[in-house]
Amino acid sequence: MGVLVCGVLVLTLICQSHSLDGVTNPLHRFKRYQESASSEPNDCTTRTRQPTVLSKSGNFSLDVRMPGVSPTVSDTYLCVAVPVPTTRDAYIVDFEPHASMDTAHHMLLYGCRTPVSTTNYWDCGSVKGTCEDEASIMYAWARNAPPTRLPPDVGFKVGGKSRITYFVLQIHYGDVHAFRDHHRDCSGLTLRMTSKPQPFIAGMYLMMSVTTVIPPGNKVTNADVACTYNSYPIYPFAFRTHTHKLGQVVSGYRIRDGKWTLIGRQTPQLPQAFYPATKGINVKYGDTLAARCVFTGEGRTTKTYIGGTSNDEMCNFYMMYYMESRHAAPFQECMEDGSKELFQNIPPEANVPITVPPEMMMHHMMHSAGAPATPEHQDDMALLQPKREEEEVLDQEHHLDEVTDWPESPLQLGQVSGLALDSDDNLVIFHRGDHQWGVNSFDNSGKYQQQSLGPIQQSTILVVDPVKGSVLKASGRNMFYLPHGITTDKDNNYWVTDVALHQVFKLSSDGRDKPLVVLGEAFEPGSDKEHFCKPTDVAVDPVTGNVYVSDGYCNARILKFSPEGKYLSHWGAGSSDRRRRVQFRIPHSLVFLPERRELCVADRENGRIQCFVAESGEFVKEIKKQEFGGEVFAISYAPVHGGLIYAVNGESAYGRSAPLKGFVINYSTKEILDDFSPENAQEFGMPHDIVVTKDGRVFVGDAATDSVLKFSSDKAEHRSVKKGGIEVQEIEETETIIQTRLKPQHRVEVAVAKVQIPVATQQKTAEPVQEQPQKPQQEDDKEKTLAKQSAQGVSPAVITTLLFIPLVVVISIGVLIRYRKNRMYGDGCEVKLEQTSSGGILGKLRGKAAGGLNLGNFFATHKGYTRQGFDRLSTEGSDQEKDDENDTDSENEEYSAPPPPVGPSSSS
């Protein structure tokens, strides 16, 4: 009997030992997880359960996947636990999702010490939940979000001495129709990990509303969350928004000393990825963290509450941050309602919905598997892309028309290659004077062949009044050979490119023609960090001052420099893009999107607009439309209406041309909201650059017609009609017509008004005479009848006097003008000009209506210039075109540049 008792005791101790080993040994736990997972007969399970191997460098990967599940009920939450496969400290440095919105509504990755279950998977939407102890959210995914990569030297700490020994993957399967074919799902994540200690530890801060109720039919309902931060400093680097179908926009802020600073803002109806947070932001003890979710209850017949089903709502703002390792806190949260007093000061942007592209709408997930769209779902679909009031106004009333009477006096320009705006919204024009880009300008290696012409002698940079078109100041003499792109920074310095010099310059706007910064080597093309080859444009980050250069014609790359001109990085589409997109073919124009922290590129020969995260060069989106016709020459940006991109196209050398136009494009939806072109049967010649002012005026520089065209949606600005040979500018909505005060005899002046007064004469008269607008014939006959009736009973002497006085006045004015003109110029005199400073010469650019200054005639008298004035240069057109004036071959400019080969970038 004693032997039997001893045997039972020994067996019990052995079993207990094995049990404890299974709990305390992470390698044993992970091995048991692999065995249990692989024992299930499922193809996708065996395909995803790969052994984890720790390399010599300490890097390894871990798959966390569902073990072949097939939910039978909509809105099912399933969880699976995976042990951390190491006894040492480890760090997650990258998350790679493996899921589709066609199947999974969203998924969350938690870290904890004790999951609810360690065998197979379980329903975690019930009371069971995810973890027995505190669960830390480490990652979230929804709506086909792309992978999330952490910054260098940052990782989520797991295993070892951390309290995270298990990963719990939770997936919400929203619509069971996705499984009507009874397939088994293995969605999940691949975790890229390392055992190398990271100096900064990543964490997650969740702001979530739990009390919000959305009344049915309410157009706008706000959910506000706010908490005071009471820990060590954190540095947000990414954010993610999450709602269900009724969410319009979610915004997160840091409040310090009463000032609201945006952390991130996005619509939850777009892919719910982790987007880059505002650069350089930090949160320290005593700050307030706040978030607002904007919902609509339109289309609902009952109240909507916060909950876990697809018909409920959520208001979540996730913030990924890092902090020093010694203070690391892996997860923090805030679920307190914000006070009305606090949110009275929230920036207006938080209340503006963001439009959702139709192809990205939620119903793609809900019904792509074949589920019928119920009336309720149809209502919800319509809600996902509401038409904002400002967009409706844009569509209906804000069509851009040419302002045909701008500028008031002609500008003497060469080829207009670049446009910019200064801080006062004055127009800055960069033009080529009497230089041109011809077929013989460059050899096959890109070297400029016409240095003997010398630099352009006239001022190439003109600052112009955007209202009148008068020249305010001028600079850039004797500096450039072939100007191309121009932009301004926050200090109104000019950043310009010259394709002949292969250089980029920073110039002061004070008129001093001495560069502050010079990038590249004069006349030396190259593809390394110190050389360019025909650089096309520049964009400047207004916050950091970093400079971006499109090195367009030879190298097809974007380079990034510090404000002082130190090389930082470069990229080219296709070189660092995971999806290996088509390489740039002449990146021709750049624009920086400050509130999005993005850089957009007009990829000319590919006929597309591409946008990138400015800091890293990571691809964000592409806009390519048939209306572009294969060419996009230039782009500009306005932050109004949720973000508008302005673009101009060009003639394609590859047979895909479309009518030359300007386009207004919604950044979010990629929808063309408006297109515009010159009026009166005119056409663009070669629209080379475009800018848009704060008040919505658009300027287009045309390189073929040596001109700048102005477009506006303000009807009062375009009203210009011919009246009896006199052009009358109607700036105000109401017309002011000079009339005699005599009543009723004033109508007799119609007979005298038939006399046409030359424009020049009118301008020199102290009191110009304006005639009444021409009336329709019936109206005119009525006036004559009234005049005749009014004249009856009036003495003939009075009528004769009234007819004679205006005639005498007109004759007197003509004699006076002739006398003054003879005194000023003399008969047949020739106007001569003295060579003065650039400001003196170009200050006379406005000239007069008759006998004004022609800069072309002036510069033609100087060495090296033989043309009379500035010829219209067709240097950027096709080789087959002819110059209408001299019937010689046009000098081909930009189409002559052969497109770079499609393949890896030649840049270093």
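Figured I'd write up the structure that's included with this text.

On to the overall build of the protein chain, then. Within the protein chain one finds 13 helices and 47 strands. Here the protein chain holds 908 residues, and the buried ones make up 51% of them. Entry remark: accessible area of the protein chain is about 42,200 Å², with carbon and sulfur atoms responsible for 52%.

Turning to the sheet that holds strand S35 (residues 587-593), a few remarks are in order. One open sheet holds the four strands; their spatial order is S35-S36-S37-S38, and the pairing between them is antiparallel. The open sheet has two edge strands, S35 and strand S38 (619-623), and neither has a second partner. Neighbour to neighbour, the strand axes of the sheet diverge by 20° on average, direction disregarded. Sheet topology places strand S37 (residues 608-613) next to S38; four bridges connect them, and they run antiparallel. Residue pairing across strands places phenylalanine 612 opposite phenylalanine 619, the latter belonging to S38.

Residue position: lysine 710 is located in strand S45 (residues 707-712). Within polar-contact distance, the side chain of lysine 710 engages the backbone oxygen of proline 466 at 2.7 Å.

This paragraph deals with the sheet that holds strand S39 (residues 632-638). Strand order across the open sheet formed by four strands is S39-S40-S41-S42, with antiparallel pairing between neighbours. Every other strand in the sheet has two partners, leaving S39 and strand S42 (672-676) as the edge strands with one partner each. For this sheet, the mean inter-axis angle between neighbouring strands, taken without regard to orientation, is 20°. Direction of pairing for strand S40 (residues 644-649) relative to strand S41 (residues 662-666): antiparallel, over a ladder of five bridges. Of the residues in S41, the one forming a bridge with alanine 647 is phenylalanine 663.

Let's shift gears to the packing of aromatic side chains. We describe a pair of aromatic rings using the distance from one ring centre to the other and the angle between the two ring planes. In the structure shown here, the tally under the stated rule is 31 aromatic pairs. Where tyrosine 139 meets phenylalanine 274, the ring centres are 6.1 Å apart and the plane angle is 35°; that geometry is what we call tilted. One end of the pair, tyrosine 139, is in strand S6 (residues 136-142); the other, phenylalanine 274, is in the loop between strand S16 (259-266) and strand S17 (275-276), and 135 residues separate them in sequence. The exposure class assigned to phenylalanine 274 is buried, which follows from its relative accessible area of 10%. For the pair phenylalanine 200 and tyrosine 322, a centre-to-centre distance of 5.2 Å together with 65° between the ring planes defines the contact as edge-to-face. In this pair, phenylalanine 200 is assigned in strand S11 (residues 200-209) and tyrosine 322 in strand S20 (residues 315-324), connecting sequence segments 122 residues apart. Among the aromatic residues, those joined into a cluster by ring pairs are Trp437, Phe442, Tyr448, Tyr481, Phe523 and Tyr553. The ring of phenylalanine 442 carries the charged tip of lysine 534 above its face, separated from the ring centre by 4.2 Å.

A few words now on unusual backbone geometry. Proline 407 follows tryptophan 406 through a cis peptide bond whose omega is -5°. Inspection of the secondary structure puts proline 407 in the loop between strand S22 (401-402) and strand S23 (416-421). Even without a glycine there, the phi angle at histidine 502 is positive, about 60°. Structurally, histidine 502 is set in the loop between strand S28 (494-498) and strand S29 (503-507). Positive phi is not limited to glycine here, since lysine 534 has a value of about 55°.

Evaluation of the coordinates by the stated rule reveals six disulfides. There is a disulfide in this structure between cysteine 227 and cysteine 334, and the S-S distance comes to 2.0 Å. Its S-S torsion of about 85° marks the bond between cysteine 227 and cysteine 334 as right-handed, since a negative value means left-handed. Highlighted residues: cysteine 227 in strand S13 (residues 221-228) and cysteine 334 in strand S21 (residues 331-334), separated in sequence by 107 residues. Owing to a relative accessible area of 1%, cysteine 334 belongs among the buried residues under this scheme. Linked covalently through their sulfurs, cysteine 533 and cysteine 554 form a disulfide whose S-S length is 2.1 Å. Negative torsions about the S-S bond denote left-handed disulfides, and the value of about -45° found for cysteine 533 with cysteine 554 makes this one left-handed. Within this pair, whereas cysteine 533 is found in the loop between strand S30 (517-519) and strand S31 (537-540), its partner cysteine 554 is found in the loop between strand S32 (547-551) and strand S33 (557-561), the two being separated by 21 residues in sequence. Given a relative accessible area of 4%, cysteine 533 falls into the buried group. Of the residues examined, cysteine 554 reaches a relative accessible area of 27% and is grouped as partly exposed.

What follows deals with the nonpolar core. Formed by 58 residues in total, the largest nonpolar core has its most connected members in Phe167 and Leu191. Counting residues in hydrophobic clusters, the runner-up holds 26 residues, among them Met207, Ala223, Ile263 and Tyr321.

Evaluation of the coordinates by the stated rule reveals 17 salt bridges. The residue aspartate 541 makes a salt bridge to arginine 597 at a minimum N-O spacing of 2.4 Å. Taken together, the residues span a long stretch of sequence, with aspartate 541 in the loop between S31 and S32 and arginine 597 in the loop between S35 and strand S36 (598-603) at a distance of 56 residues. An identical accessibility class is assigned to aspartate 541 and arginine 597; each is buried. Linking aspartate 551 and arginine 557 is a salt bridge whose minimum nitrogen-to-oxygen distance equals 3.0 Å. Judged by relative accessible area, which is 0%, aspartate 551 ranks as buried. Under the relative-accessibility criterion, arginine 557 is labelled buried at 1%.

Relative to the helices and strands, threonine 212 is located in the loop between S11 and strand S12 (213-214). Assessed through its relative accessible area of 10%, threonine 212 is described here as buried. Non-local contacts of threonine 212, meaning those with residues more than four positions away in its chain, are made with Ala223, Thr304, Tyr305 and Ile306.

The topology assignment puts glycine 469 in the loop between strand S25 (461-464) and strand S26 (471-475). On a C-alpha basis, the gap between glycine 469 and leucine 427 in space is 8.7 Å, while along the polypeptide they are 42 residues apart. Those residues within four positions of glycine 469 in sequence are excluded, and the remaining contacts are Trp406, Pro407, Leu411 and Val464.

Quick look at the pairing of strand S3 (residues 89-98) now. Inspection of the sheet shows S3 paired to strand S8 (residues 154-159) by four bridges, in the antiparallel sense. Residue pairing in the sheet places tyrosine 91 in a bridge with lysine 157 of S8. Across seven bridges, the pairing between S3 and strand S10 (residues 188-194) is antiparallel. Note on S10: the bridge partner recorded for glutamate 96 is threonine 190.

With that settled, the discussion passes to the pairing of S16. Burial within S16 is extensive, with six of its eight residues counted as buried. Across seven bridges, strand S15 (residues 247-256) lies against S16 in antiparallel orientation. Bridging from a neighbouring strand, arginine 256 pairs with lysine 259 of S16.

Rules and cut-offs
Residues numbered from 1 in each chain as written. Predicted model: local features only at pLDDT ≥ 70, side-chain atom pairs only at ≥ 80, totals over all residues. Heavy atoms only, no water. Helix = DSSP H or I, 4+ residues; strand = E, 2+ residues; numbered from the N terminus. Buried < 20%, exposed > 50% of the residue type's maximum accessible area, 1.4 Å probe, protein only. Areas by Shrake-Rupley, 256 points an atom, 1.4 Å probe, with all protein chains shown as cover. Pairing = 2+ DSSP bridges. Axes fitted to C-alpha atoms, helices over the stretch in contact; angles between N-to-C directions. Polar contact = N/O pair within 3.5 Å; in protein donor to acceptor, adjacent residues only side chain to side chain. Phe/Tyr/Trp six-rings, centres within 6.5 Å; stacked < 30°, edge-to-face > 60°. Lys NZ or Arg CZ within 6 Å of the ring centre and 35° of its normal. Disulfide = S-S within 2.5 Å. Core = buried A, V, L, I, M, F, W, Y, C linked by side-chain atoms within 4.5 Å. Salt bridge = Lys/Arg side-chain N within 4 Å of Asp/Glu carboxyl O. Contact = heavy atoms within 4.5 Å.

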